[in-house]
Each structure stands twice: as structure tokens, then as C-alpha cells.
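Structural features, examined
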Amino acid sequence: MTVRVVLVDDQTLVRTGFRLVLEETGDIEVVGEAADGSQALDVVTRSRPDVVLMDVRMPGLDGIEATRRIRLGPHAARVIILTTFDLDEYVLAGLRAGASGFLLKDALAADLISAVRVVAAGEAVAAPSVTRRLFAHYLGRTPPRPDADARLAALTEREREVLTLVARGLSNAEIAAALFVSESTVKTHLGRILAKLGLRDRVQAVILGYECGLVDIGTDR
């Protein structure tokens, strides 16, 4: 099936470059473009894309608030945050707003195409090593949330183990190997974790894991 994409960036050349790369694939169609967050909301409403590539630093309504409104709207397209620097507080804010991942603007064409396909399929995209550094940098400076124990109390011991490994950046296959279970079992546990904690996706589970102190910032365990 064709993946419908909207490009949001205040630089015309950036949008043009992404369009050329994506439309060469044959299975990805750019159905709209916007130069700021306000335009993005209108374009998403009209074109109903599967994925939005969203810059965060734009005049007027920025990409973070636009992401939040899109994800809460009637057509909750998945959003990939575009950034210049991997350690960027705007990226974390975008992920908290509901983005499914982030991508560097200078990413290889193959990485851009892969990210769009992965997010369209319902997965999150972000290199685990970069995600860990990002969260450790911006979340590691504050103590665990005071309601951490109360939030995690709904989880079984096994679900808490899975959430901890997710927060460390492990893939489903890696978690399955670590816990000596099947990948389908890991997916089942993750689905229950998201439902119990009221989380939208894996990225929000990672953020919660850091906020609740499940990951030791100093040792990355």
C-alpha cells in the first residue's frame, strides 16, 4: 500500500529534497507540504496522511505544538520529528507531544525512506544509542517522578522487566533473548504495559521508564 506523507519545514529546499527522495520509491506519496505548524494542521486535515515529517523550529506555531494537536486530532497521523542535532531538547519535547521518533535532517536517503515505512507500520524510529543519550542528558538531571511507584504498581513483575529493557533501548528481539521468551510474548507484554499506563507507543514507554528511574543513568543499565 502507498504511504501518504506530509512534509513540514520552513525551508523550501529541505521539503523539495525530501519529496524527491521519497517519491522515487514508488510506494510513498507526498500529499502535502507546509511551511509552519498552522499550515501543517490545515494540510493534515485536508490530505489525511499516514506520516508527517515535522520540523520543530519554525515561525508561528512550532512543530512541537503542531505535533501535539495532530496526535490529539480526529486524524492522528504519525509524526517523525526532524532535527539538526541529535541531542536536542526540542526532540524530547516532540516525543513527549506524541511523535513516533526523530530523524536527523542530514540522514541518508535510505534512512529517511526506512523511517517513513517503519512509522507508517506502527513502530517507533530512533537509534537506541541516540535515544539513550538524549534521555540521559535531559531526563537524567532530575530525580524520578514522585508518583513513579504508584504508576508502576499496575504492572506485573515481568511487565516491569520488559519496560526496563524497553527504556534501555533494546528491540523486541533483544528483549526476547534476554528474558528467554518469544518475540510475540514480548509484544503481548508491551501491549499490556501501554494499555495499563495509558501510553500511546514505545517512545512514550521509554520516556516514562527514564522518568520513573528504571534506568540507571550512570551505568546505562
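Described in the following lines is the structure provided in the data block. All of these numbers come straight from a predicted model, not from anything done at the bench.

Brief notes about helix α2 (residues 37-47)
Along an α-helix, a turn takes 3.6 residues, which lines up residues three or four apart on a common side. Listing the buried residues of α2 in full gives G37, A40, L41, V43, V44 and S47. If you check the start of α2, you find a side-chain oxygen 3.1 Å away from the backbone N of S38, and it comes from D36. Of the residues trailing α2, R48 is marked for its positive phi of about 50°.

What to know about unusual backbone geometry
Unusually for a residue other than glycine, R48 sits at a positive phi of about 50°. Relative to the assigned elements, R48 resides in the loop between α2 and β3 (51-55).

Considering the side chain of D9
You can see D9 is positioned in the loop between β1 (3-8) and α1 (12-23). Judged by relative accessible area, D9 falls into the buried class, the value being 1%. Looking at D9, its side chain comes within polar contact range of the main-chain nitrogen of Q11, at 2.8 Å. A polar contact is formed between the side chain of D9 and the side chain of K105, at a distance of 2.9 Å. Discounting residues that sit within four places of it in the chain, D9 has contacts with V14, R15, A34, A35, D55, M58, L82 and K105.

Some words on the sheet that holds β3
The parallel open sheet is built from five strands, whose spatial order is β2-β1-β3-β4-β5. Because the sheet does not close on itself, it has two edges, and the strands there are β2 (28-34) and β5 (101-104). Going from strand to strand, the sheet's axes swing by 25° on average, the running direction of each strand aside. Pairing geometry for β1 and β2, over six bridges, is parallel. Along β2, the bridge assignment pairs L7 with E33.

The rules behind the values
Residues numbered from 1 in each chain as written. Predicted model: local features only at pLDDT ≥ 70, side-chain atom pairs only at ≥ 80, totals over all residues. Heavy atoms only, no water. Buried < 20%, exposed > 50% of the residue type's maximum accessible area, 1.4 Å probe, protein only. Helix = DSSP H or I, 4+ residues; strand = E, 2+ residues; numbered from the N terminus. Polar contact = N/O pair within 3.5 Å; in protein donor to acceptor, adjacent residues only side chain to side chain. Contact = heavy atoms within 4.5 Å. Pairing = 2+ DSSP bridges. Axes fitted to C-alpha atoms, helices over the stretch in contact; angles between N-to-C directions.

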